[in-house]
2 protein chains.
Amino acid sequence: MSTGAQAVVDAGGAELTRIMDRVEQRMSELAVGHGPVLARHAGETISAGGKRLRPMLVCLAAGAPPPETDGLVRAAVAVELVHGATLVHDDVLDGSAMRRGRPTVVATGGRAAATATGDLLFSRAFAELAGGGSPESVRVLARASRELALGELTQREDAYRLDVTVERYLARCRLKTAVLFRAACELGALEAGGEPGALGAFGERIGLAFQILDDVLDVSGPPERTGKPRGTDLLDGTVTLPLILARERDPEIDLRGVRTTDEAAAVCDRIEATGALEEARCRAAELVAEAKLALPALPLRQREALELAADVMVERYA
Amino acid sequence: MSTGAQAVVDAGGAELTRIMDRVEQRMSELAVGHGPVLARHAGETISAGGKRLRPMLVCLAAGAPPPETDGLVRAAVAVELVHGATLVHDDVLDGSAMRRGRPTVVATGGRAAATATGDLLFSRAFAELAGGGSPESVRVLARASRELALGELTQREDAYRLDVTVERYLARCRLKTAVLFRAACELGALEAGGEPGALGAFGERIGLAFQILDDVLDVSGPPERTGKPRGTDLLDGTVTLPLILARERDPEIDLRGVRTTDEAAAVCDRIEATGALEEARCRAAELVAEAKLALPALPLRQREALELAADVMVERYA
């Protein structure tokens, strides 16, 4: 774990560690009992893991230390399951063979198994959240799920469109990524009996920063760290902030006609040479700063933990 | 409307007509507000309609006349949205161009739009149901959704497997179809404050009958009524009850190698010649009879309405 992520865990205390362990435990339990094929694919999706940033946000939005309630575990699990469901469906549409250095569900099980696995994870997410008995929480997650679907679609509509503006890019990032960070914070706040709005605004901004930095990473690599070749977005026709900013300085840069990873890497080099990556990183850092300013009055320890979590978003790509 | 379906509506009274109108109204409202592309596809999916059998079951399981509550409208809408979501995703996997005589979402919008539309309908379903405030209802629908995913997957695993037994076929029908009829009845019973179990057993049996008769219809046609060529299941490699029963009498019948609609129609003729369709229809009629026997003690008018609804499942294919 990075020192920043460790600092977040330290700020959350033994309570955070314990509740994150319960989240993992519960997710493992949910993978079983759906027949051998779905259990295997759902289990792989869940155990492939990633950084569990969203469940951690749920917990810290509820408090630092977080309250060790069943409801909080449910909310954290539900958010991560929706995240997993969207990844599995995205991989089907992209025909992606690898994610996080492992074969995708669509690669190992085929499109039918992957579509069913995504649907399963979606429905488990809502069942898990509803078990806590808060209709408001289910509404929050359903709204985010709807917007994630819209974001995924927007991205495909915008493929290969070099006239996508920064504003439209940010609107798409909000839909495809930031709404789930917002929902994570809102669910944590709701579970703690608090007002979800202000923490939601914090979550949305760090979600935007997260996506921008993810797009920077696609250009900068290195592949050893990201687990995928540089320029994967370019190969998919996805017009991201680094490309938009780079084209303001070097309008000849184009992603149309990019077919091989070597060609994509060459375009990445050219984007990097314009200084667009630095500018994109600055935009992300500004969003993180705004996120911190958006934090409402909170106990000092919780504020510090959330600020640290926001910094971790940046740190992982520094 | 058929005379049987009209009889069901008559049994439900003006209250049923009014509540089904509210279901339609609510579904139309839900189609808007998701951006133009999703709104269009979700709207087309919703308005394509079909017979609204599942919402009607939700209502009649709550009572005849049904209580005109918001919660009942929500439950009926949620079930139909889950049904729509699964159809949209199935069409993506099958690459189906037409459904109910209209172009599918995947045909008009492509795989990405169709996958996103299905995900949207799923999340709207749970948001709609959660708005009613019953965690138990959300659990019922989530369980059914999980089983639908499993059923779809089972069907694909079993493709072209001529050794599928009647038992395995029925287990698949339960998962891919009957669980949502069960959920419809359970949700209606829950909304009326009743015990969901016995009505769920009723719903499951008529759901099985419904699927068997759907499979009979794929063989018998006629295409003018079904809106699709005969033998579509054969072309997909789906081993259904008519084929299983026909092969007991004429083991040479095979669906491997069937590539064209003409070849499929020829196999349909051969299945029909064995008398397998009559036997399959009898199995469905037995299930409907069992369903009626499974009904718990109910007010006479509600019992009659549910029995009529069960008969309508059979009548539409008689």
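Let me sum up the structure you'll find in this document. Just so it is clear, the structure is predicted and the values come from calculations on it, not from any experiment. In this numbering scheme, every chain counts its residues from 1 along its sequence in written order. Here every chain gets a letter starting at A, and every ligand a number starting at 1, in the order they are written. Totals for whole chains, interfaces and linings use every residue, but because this is a predicted model, local features are given only for residues with pLDDT of at least 70 and side-chain atom pairs only at 80 or more, for both listing and counting. To get the side-chain values, take all heavy atoms of the structure and skip hydrogens and water.

**A word on the interface of chain B and chain A**
Next, step 1: The contact criterion used throughout is that any non-hydrogen atoms of two residues lie within 4.5 Å. Taken together, the contact between chain B and chain A spans 34 residues of the former and 34 residues of the latter.
Next, step 2: Here a salt bridge means any side-chain nitrogen of Lys or Arg lying within 4 Å of a carboxyl oxygen belonging to Asp or Glu. Run the count over chain B and chain A and you get zero salt bridges.
Next, step 3: N or O atoms closer than or at 3.5 Å make up a polar contact, with two conditions inside protein: a donor-capable atom paired with an acceptor-capable one, and, for residues adjacent in sequence, both atoms drawn from side chains. Inspection of the chain B/chain A interface yields four residue pairs in polar contact (both at pLDDT 80 or more).
Next, step 4: Elements are defined by DSSP. Helices are runs of H or I of four residues or more, strands are runs of E of two residues or more, and each kind is numbered from the N terminus. Counting residues per element, the side of chain B that touches chain A draws most heavily on helix α5 (residues 105-130) of chain B, which supplies 13 residues.

**With respect to the state of the cysteines**
Next, step 1: Note on terminology: disulfide denotes any pair of cysteine sulfur atoms within 2.5 Å. Throughout the structure, instances matching the rule amount to zero disulfides over all chains.
Next, step 2: With no disulfide of its own, C59 of chain A has C185 of chain A as its nearest cysteine by sulfur position, at a separation of 11 Å.

**Topic: the relation of the copies chain B and chain A**
Next, step 1: Copies overlap after least-squares fitting; the atoms used are the C-alpha atoms of residues with pLDDT of at least 70 in both. Rotating chain B by 180° and translating it 0.0 Å along the rotation axis places it on chain A, where the RMSD comes to 0.0 Å. Taken together, the turn and the small shift mark the pair as related by a two-fold rotation axis.
Next, step 2: Taken together, the interface assignments show that 100% of the residues at the interface of chain B recur at the interface of chain A, consistent with an identical surface on both copies.

**Looking at the packing of aromatic side chains**
Next, step 1: Only Phe, Tyr and Trp rings take part, Trp by its six-membered ring, and two of them pair if their centres are within 6.5 Å. Stacked means planes under 30 degrees apart, edge-to-face means over 60, and tilted covers everything else. Evaluation of the coordinates by the stated rule reveals three aromatic pairs over all chains.
Next, step 2: Each ring, one from F181 of chain A and one from F210 of chain A, has its centre 5.2 Å from the other, and the planes form 45°; the classification is tilted. Taken together, the residues F181 of chain A in helix α7 (residues 166-191) and F210 of chain A in helix α8 (residues 196-220) connect sequence positions 29 residues apart.
Next, step 3: Burial status follows relative accessibility: with a 1.4 Å probe on protein chains alone, a residue under 20% of its type maximum counts as buried, one over 50% as exposed, and anything between as partly exposed. According to the relative accessible area criterion, F181 of chain A is buried, its value standing at 0%.
Next, step 4: We classify F210 of chain A as buried; its relative accessible area is 8%.
Next, step 5: Over the aromatic face of F210 of chain B sits the side chain of R54 of chain B, whose NZ or CZ is 5.6 Å from the ring centroid. Cation placement over rings: the criterion is NZ of Lys or CZ of Arg within 6 Å of the ring centroid and within 35° of the ring normal.

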